Each structure stands twice: as structure tokens, then as C-alpha cells.
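So the chains spell out like this:
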There are 4 protein chains.
Amino acid sequence: METVNVLILNASLKKEPESSNTQEVAEMVVGKMRDYADISYSSVHLINHTIPAGVSFDVGDGDEWPAIAQKMKDADIILFATPIWWGHRSSLMQKIIERMDSFDEGDSPLGKKPMLNKVAGIVITGSEDGAQAIMAGLTGTLSFMNFTLPPQCCTYWVGEVGQDPKTDPERRRKNEAVGTMAEETAKSLVHTALLLKQHPFPSDKN
Amino acid sequence: METVNVLILNASLKKEPESSNTQEVAEMVVGKMRDYADISYSSVHLINHTIPAGVSFDVGDGDEWPAIAQKMKDADIILFATPIWWGHRSSLMQKIIERMDSFDEGDSPLGKKPMLNKVAGIVITGSEDGAQAIMAGLTGTLSFMNFTLPPQCCTYWVGEVGQDPKTDPERRRKNEAVGTMAEETAKSLVHTALLLKQHPFPSDKN
Amino acid sequence: METVNVLILNASLKKEPESSNTQEVAEMVVGKMRDYADISYSSVHLINHTIPAGVSFDVGDGDEWPAIAQKMKDADIILFATPIWWGHRSSLMQKIIERMDSFDEGDSPLGKKPMLNKVAGIVITGSEDGAQAIMAGLTGTLSFMNFTLPPQCCTYWVGEVGQDPKTDPERRRKNEAVGTMAEETAKSLVHTALLLKQHPFPSDKN
Amino acid sequence: METVNVLILNASLKKEPESSNTQEVAEMVVGKMRDYADISYSSVHLINHTIPAGVSFDVGDGDEWPAIAQKMKDADIILFATPIWWGHRSSLMQKIIERMDSFDEGDSPLGKKPMLNKVAGIVITGSEDGAQAIMAGLTGTLSFMNFTLPPQCCTYWVGEVGQDPKTDPERRRKNEAVGTMAEETAKSLVHTALLLKQHPFPSDKN
């Protein structure tokens, strides 16, 4: 089996990755990818890195974004993983979308269209409501960033309105729909990543 | 107590209003309004009316929209009630937003800014996910349509992802958060409607 | 060159397709596809068809949706083309998304996952503001419907806030960004459609 | 005339407030308020403050959010002013929405429902597309945060797709629609703020 490189970008606001609902679902998706290819993966917990707000490739002052961008360049599949805060992707996810603006401009050290031939997957968790709207907002932007978005590219969990957030992990782990989605997402991301490794989009002539 | 006129516009796709989750929550909100004012209310189940797609005030051919628009003009509070379909307000709700376009143009028989001094409330129900995004989309448009949107102007129910939709009504009725929201929405809509009846926005001079 | 079948679904509220901004941009995208494959295409102007609101595959009473759904099944690329009304896709586009709900249920005459191995493109036009939000809402849903969404899958035009809508077509036709987007969208949709014809997703075993 | 306290929260990513499109439009709205009341105003340029990501009232480590939250408590009208980045409010605006989460929990030093009886206005600028979606996302959340949203609560500028962003300020300043919106927003915010100062929502008994 060919090796597929996967990168998780986790935008959870919690500093401890081990207790992150979002991380747990993202890793479930990666785990299920192993049925379809050899998987090499790494994970970036964004809150543990110094990433100033801005729209340049490198804003200086110890900016860790250029190194993370290089990891993105090296990956075949990138999982954008975010919690829901007030119906929106977290400010950390929005901040890296802003930082990706320099990819679109084409003048970054990563070259023109650095995300072409890469596949994007999405993982979202929240106590209630907002996953589909966040997924939509991400897919829209990621297509303009030149990612390919396969069928079932998103796995999410949202609970019923008005429950105690402390019991979220417990209810989520019991939810069979999440496992089914993760299976579909994993299969679809890997199939598409392998296709694009073998048959990449032709380069722009200019 | 002063009488407040309430109109429910129900955009459910189901023809039988009696089994509409959305209708049941909308009527719960209206019921709780009775603690704060005399309430006179009527309800329009949009799917039972002939409302062609379009953006004029009257598109002819038995168009029932002008009569519904007149009911809106006569109301103090309008509850926009919609189910969730693929994360969006139903096509019936979108259709009446499009028909309200003529209000914004100011050349309808209802006069300039026909919705000024009216209060909008929102009711949304769906098996899972989407209420806050739909609520957001409606509040944005309704502010431009000159409605006032009070605090807690929306009451909704959404369930956990992946449950059997047939059990939605049962789970919804048990959900205490919906009752609390309905109470907050009712109180806030009535307070604001009474304020605007007594202290309306000054008319435009031109 | 292999033949690629393209279907335009145009959700314009105007009855005359010849004057539709949306149709004109959609046909520009199809025209540019001809550089990359033999293209066979047809176009459905939704407002000219009887498509009742609902969520079943066939709601009876002269319902033309099943015939349109069959055209979707026969296509390799489907262009979802919509104007913007109050920041949202038109009610006609929302109505067919609702009607596509039966695809997701898997019990339609079209079989399980009828949209797998198809590529979705998006075309949006509006006087101002809303294209990216509508594109996002569509990409989110279409991924769950099993479409593949290639890079740059959307071509749109929006004007500056507050201009005279009568001059929209004129300003749009002068706008070079629309042509560039159409070129990118065409190339990307055709490349991906050809890939999926040659290397389809494996069928589900169950 | 009574004095109305206005606070601008500017979420621009640019460090120099003097060149901020968003700031310039926000100040235009405040300027037009002076026709309707005595206005006292201050402005917080968020990027110049240390506001860590999080959801507590005070996350320590020189967190400047509690002081900004106190300014919000002291204001009658708050203008949420944001640029558009990839169709969304900036990460700085999302970050303060997350920090406002503690208002909703009711256990902050500001007391229960600290934003009740306050009026929210919105200012958005961007090269193209996204203002109405951002406005919608903000109005939805702000209603749940107990703000009142008056008619025409948002003033925005967006340009035509594909123009040179360097010419944004010039095109924006020529745009008459922005001035008209600012006038409507100013009038409506002040009328509603005065009403709520004189006739506040009744306090919760519990």
C-alpha cells in the first residue's frame, strides 16, 4: 500500500489536547484511514503555537506559522478540526484561514497554488448546533484555496440543545452516527488522495 | 392590558399543520405571551396557500401573497417559523423573503417601510443542526426589512446528530431548554412590541 | 477526447432564460470546458417546470422532479446555478435541495448514493454580496450528497453595494475576474470528472 | 439632549487604526448619531490589546479583556466593527465573541445578562462579498447575548468582485449607499437606545 501523509490542524481552545473532543474524533477518522492505505500522520494543536493574527506568510516575532504551512505543503490530506463557538469555527481556525491568505496570493515561499492536489477533510464537535454551517464555511474557502473536497468530507458530532456540556464526551462516544461518518470520510479522503497522487492536476503554464 | 396582534408564518413543508413540530413550538411561544399582554393571534400555514416564486408584490394568477402581506402589516409581532432542511430555512420561507423584496423597494401598496415598528420573532425546529445559522440568516434580513429584533428573539429545538427523526416530537417535548427559551422570547417580544406601539420610530420626512 | 455530460440546473426566478445573468455565466463555464473534453450539455430552467415543495422522490400531481433527477443521474458534471436573494440561494434552488433529500435516504429509484462519482460546480450571480456564503452552503450539502467538489468549483459575479441592478449585466460582462474564474472552474471540473469516470469510488459492499 | 454612550469594538487586523476602512465607516455612523443625541464615544482597536483566546471572563497573564468587558457594560450602544476575511468576521471578532461566552453563563463579575438594555450596531467592510453573511452571524449571536437589534442595524461596504484592493478606500468613499446606510443605522440605534434607557426590560425575579 502507498503511504498517505495526513496532517490534523486542531483549533480547539483547550490547551490539553488529550481531553479534546475534536482531537478524539479527528484521530478516529485517521484510524479508519488505515484500512485503505499506509498512513503517516502528525497533529498540530494550534493553541500551543505562537501564530499572530495577520495575512502575511511570515509576520516575524517568533511566528510559528511558516513551519506549520510547510507541514501543510508536505501533507496529502489535511484535516481541519474545530470546535463550535456560537455557531462558528473557533477564532484559532479563523486565524489560520487568514494566514492562508498568502497561499492565494501566490507569492509565498511555498509557490503558486501550494494546496493543489491536496485533499481536505473536516472534523467538528460542539455541544449543539452549528456543525453544518461551519463545514459549509470551510468547504467554500478550501475550494478557493485549491483543495479537493471528496464526498462525505466531514465528520461531526453535535448534541441536543440544552444538555449539560460536561456529558458531551460520553454522549458523543455512544453515538453510532459519528463512527459511520468517520468511516465514510476516511474511505473517501484516501481514495481521492491516492487518485490525485497518481493523476495530479496539470500545472499552469504561466 | 393592551392587545398585541401576533402573526405566525409557518414554512413547514408538511401539509397537516396539526403535526408540525414548528407550529407546536410557535404556539408555545404565543401561549407564554399571554402572561404579558392580551394576545390576538392568527397563523398562516404557507404550504396551504398559492404563493408563486417572484419578487413583485402581486404576481397575479390567484397569488395569495398580497393578502398575507396585509396580515403582516396588521400585526405587531410576526413569528417566522421554519423547519430546517439541509441546514437552511425551508424553500417556503425563502420564497416569502423573496416576496418581501417589494417591501424594501418601497413601492408596494403597503407604503414605505411597512415593517417599521414591528417586532420579529423566530421559531426553528429540526432533527439536528442548523437552527443558529438559520436564525442568523433571518435576523440579518429582517433588520434590513425594518423589523426590531429583541433579546432572545429565537426559540428552537434541534436534536443530537443521527437520531431517528420519528422520535423528534417526543424528545423535543421533554426538552426543558425549549420551554425556557419560549418564555424568554415571549417576554422580550411583548415588551418590545408594547414599547414600539407607544414610542414608534419617527417617520421619514421625505 | 472523451465525452463529458454536463447538466445546468438554473434556479433563476426570471421566466426568460435568455436574459438570465446566471445562465449566461453558467454557459461561459460550459464553453470553456470544451478546451478539455468533448462536452454534451443540457440545461434545466427550474422555474419553467412543475416541482412541488416536498421531500419525497415523486410527490405526484404532474411532478416533473423525477425526470430532472434522472437527468442528474445521467450527468458527469452538474452546475448548480443560482441568483442571490437576500444573501441566500433562491427558493427554487432550496426546493430542489429539499427534493434531493430522497437521494440521501437511499430508497429512490435511482439507487444508493446516486450522485457518487459526479462532480459539482457552482455558478452564482447577484447585484451585491452573498456569493461566497451561498457557495459555502451548497458545497457543504453537496459533499454530503456524495458529489466531489474540485478546486475552484465556483464561478460568481457580485457587484459593489448600492449600484443600479439594471446595469448588472453590463458591469458583469466587463469584469475580467469572472472569465478567469470560469476558466479555472471549467478546467478543474473536467479534470476531476474524467478522473472519476476512469477511477470511480468503489461500491459499498452492503 | 440626553447623552448616549457609544463604544466601537474594531476587529481590523491592521495595527494602524487611522488607515482602517472599518474604523472610518464606524466613525461615520457615530458622527451621524450626533443629530439625535449627545454622544460620548470611545473606541477599542482590538489588535492593540492582549486578549488571549479562551472562554473565561479573565484568563490571567495580563488579559485585557475584563477591562474591555467593563467598557461594554458602561455603554448604551456597542458597534461591532469588522473587516471580511474569506467571507467571515475576523479572528479578532470571533475571539471576543468567545470571550463574551462568560456573559451568557451569568457568572461573570458583570452580573446576569450584562448586555440587556444595550443596543448593538454592526459595521463591516471588505473588498467584496460577505457583509450580509457576517452581519447575520453577528445579529444571531448578539440577540442571544441579550442585545436589542434595531432596524437597519448594519452599515457596510463591499466592492465588486475582482477589483484591486488598494483602491477600496477610494471607491468606498464615493459610494453614496454607505452614507445612506450610516444615516439609517445612526437614527435607529439612537432611538432604540433612548427608549431602552427610559423603559428598560424588567429584571428577572430569580
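Structure first, text after, so check above.
Residues numbered from 1 in each chain as written. Chains lettered and ligands numbered in written order. Predicted model: local features only at pLDDT ≥ 70, side-chain atom pairs only at ≥ 80, totals over all residues. Heavy atoms only, no water.

Colleague: Explain the relation of the copies chain B and chain D residue by residue, including any values.
Modeller: Mapping chain B onto chain D is achieved by rotating through 180° and translating by 0.0 Å along the same axis, at an RMSD of 0.0 Å. In the structure described here, the two chain copies are related by an operation that fits a two-fold rotation axis. When the interface residues of chain B are mapped onto chain D, 100% of them again lie at the interface, so the same face is used by both copies. (Least-squares fit on C-alpha atoms with pLDDT ≥ 70 in both. Contact = heavy atoms within 4.5 Å.)

Colleague: Tell me about the pattern of salt bridges, and please be specific about residues and values.
Modeller: Per the stated rule, a full pass over the model turns up 24 salt bridges over all chains. With a shortest N-O distance of 3.1 Å, D76 of chain B and K197 of chain B are connected by a salt bridge. Separated by 121 residues along the polypeptide, D76 of chain B in the loop between α2 (65-74) and β3 (77-85) and K197 of chain B in helix α7 (residues 176-198) bring together distant segments of the chain. Its salt-bridge partner being E24 of chain D, residue R173 of chain D comes within 2.6 Å of it at the nearest N-O pair. Of this pair, R173 of chain D sits in helix α6 (residues 168-174) while E24 of chain D sits in helix α1 (residues 21-33); the two residues are 149 residues apart in sequence, bridging distant segments of the chain. (Salt bridge = Lys/Arg side-chain N within 4 Å of Asp/Glu carboxyl O. Helix = DSSP H or I, 4+ residues; strand = E, 2+ residues; numbered from the N terminus.)

Colleague: Help me get a handle on the side chain of E160 of chain B, residues and values and all.
Modeller: Note that E160 of chain B resides in the loop between β6 (154-159) and α6 (168-174). Here the side chain of E160 of chain B touches W157 of chain A through a polar contact of 3.0 Å, side chain to side chain. Of note is the side chain of E160 of chain B, whose polar atom sits 2.8 Å from the side chain of N175 of chain A. In this view, E160 of chain B contacts W157, V158, G159, E160, R171 and N175 of chain A together with S127, E128 and R171 of chain B; residues no more than four positions away in its chain are not counted. (Polar contact = N/O pair within 3.5 Å; in protein donor to acceptor, adjacent residues only side chain to side chain.)

Colleague: How would you explain helix α5 (residues 131-144) of chain D if you had to name every residue and give the values?
Modeller: All names here are of chain D. Compared with an ideal rise of 1.5 Å per residue, which puts 14 residues at 20 Å, α5 spans 20 Å between its outermost C-alpha atoms and is within 8% of the ideal. Counting buried residues along α5, 13 of its 14 residues qualify, which places the element largely inside the surrounding structure. Following α5 by one or two positions, N146 has its phi on the positive side, about 80°. (Expected span 1.5 Å × (residues − 1). Buried < 20%, exposed > 50% of the residue type's maximum accessible area, 1.4 Å probe, protein only.)

Colleague: So what's going on with the interface of chain A and chain C? Residues and values would help.
Modeller: In this complex, chain A contributes 32 residues to the contact, which on the side of chain C involves 32 residues. Remark: the boundary between chain A and chain C carries two salt bridges. With a closest N to O distance of 2.8 Å, K113 of chain A and E184 of chain C form a salt bridge. For the interface between chain A and chain C, the tally reads 18 residue pairs in polar contact (both at pLDDT 80 or more). When contributions to the side of chain A that touches chain C are tallied by element, the ones reaching two or more residues are α5 (131-144), β6 (154-159) and α7 (176-198) of chain A. No other element matches α5 of chain A, which puts eight residues into the side of chain A that touches chain C. Partitioning the side of chain A that touches chain C into residue classes produces 16 nonpolar, 12 polar and four charged. (Nonpolar A, V, L, I, M, F, W, Y, C, P; charged D, E, K, R; others polar.)

Colleague: Please give an account of the packing of aromatic side chains that cites residues and values.
Modeller: Across all of its chains, the model carries 12 aromatic pairs over all chains by this definition. Ring centres of F144 of chain B and Y156 of chain D lie 6.1 Å apart, and the angle between their planes is 75°; this geometry places the pair in the edge-to-face category. With F144 of chain B in helix α5 (residues 131-144) and Y156 of chain D in strand β6 (residues 154-159), this pair bridges two chains. For F144 of chain B, a relative accessible area of 10% translates into the label buried. (Phe/Tyr/Trp six-rings, centres within 6.5 Å; stacked < 30°, edge-to-face > 60°.)

Colleague: Before we move on, could you go through the relation of the copies chain A and chain C and cite the residues and values that matter?
Modeller: Superposing chain A onto chain C takes a rotation of 180° combined with a translation of 0.0 Å along the rotation axis, leaving an RMSD of 0.0 Å. Here 100% of the interface residues in chain A have copies in chain C that are interface residues too; the copies meet face to matching face.

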